[in-house]
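Structure at a glance
Spelled out from the first residue to the last, the chains are:
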Amino acid sequence: MNNELRGSDLTRALLARGDKQIWCAVDDDSDEQAMMDHCGNDFTAYIVEFKDGCFYCNCGTAWLFAVPVKTVAATQSDMNI
């Protein structure tokens, strides 16, 4: 059995550890939807707090789900050029 923390559970653990800003994919339906919903400007946010069942980004917006993501620059080989 894999007990590795993932998704919103991982974000809660990082905040509890004391991390200050966690770059996350966010959504109000599910972790899975957060990773699939790339429309609009609300796809990612810096999460700074979890309280009363919601994740809060640095601008104060509440989200139900927040999945930590990594951002890296694409390379020429990534783009097949």
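Residues numbered from 1 in each chain as written. Predicted model: local features only at pLDDT ≥ 70, side-chain atom pairs only at ≥ 80, totals over all residues. Heavy atoms only, no water.

**A word on the environment of A13**
Mapped onto the fold, A13 is located in helix α1 (residues 7–17). On the basis of relative accessible area, A13 is assigned to the partly exposed category, the value being 29%. With 67 residues separating them in the primary sequence, A13 and N80 have C-alpha atoms 37 Å apart. (Helix = DSSP H or I, 4+ residues; strand = E, 2+ residues; numbered from the N terminus. Buried < 20%, exposed > 50% of the residue type's maximum accessible area, 1.4 Å probe, protein only.)

**What to know about the environment of T11**
Topologically, T11 is positioned in helix α1. Along the backbone, T11 and V69 are 58 residues apart, and their C-alpha atoms lie at a distance of 10.0 Å. Beyond its immediate stretch of four places on either side in the chain, T11 contacts I22, C24, I47, F55, A66, V67 and P68. A polar contact of 2.6 Å, which involves the side chain of T11, links it to the backbone oxygen of A66. (Contact = heavy atoms within 4.5 Å. Polar contact = N/O pair within 3.5 Å; in protein donor to acceptor, adjacent residues only side chain to side chain.)

**Details of the nonpolar core**
Across soluble globular proteins, nonpolar side chains show a tendency to be buried alongside one another. By size, the foremost hydrophobic cluster in this structure holds eleven residues: L14, L15, I22, C24, V26, A45, I47, F55, C57, W63 and A66. At the level of secondary structure, the elements contributing two or more residues to this core comprise α1, β1 (22–27), β2 (44–51) and β3 (54–57). No other element matches the three residues that β1 contributes to this core. (Core = buried A, V, L, I, M, F, W, Y, C linked by side-chain atoms within 4.5 Å.)

**Concerning the pattern of salt bridges**
Per the counting criterion, the structure on display carries two salt bridges. Salt-bridge contacts for R12 lead to D9; the nearest nitrogen and oxygen are separated by 2.5 Å. Note that R12 and D9 are positioned in helix α1 at a spacing of three residues, about one turn of the helix. For D9, a relative accessible area of 43% translates into the label partly exposed. A salt bridge links R17 to D19; the shortest N-O distance between them is 2.9 Å. A residue is classified by how much of its surface remains accessible, and D19, at 25% relative accessible area, is partly exposed. (Salt bridge = Lys/Arg side-chain N within 4 Å of Asp/Glu carboxyl O.)

**Notes on the state of the cysteines**
This structure, assessed with the given rule, holds zero disulfides. Here C24 is not cross-linked by a disulfide; its sulfur's nearest cysteine counterpart is in C57, at 10 Å. Owing to a relative accessible area of 0%, C24 belongs among the buried residues under this scheme. (Disulfide = S-S within 2.5 Å.)

Fair warning: the whole summary comes from geometry, so function is off the table for now.
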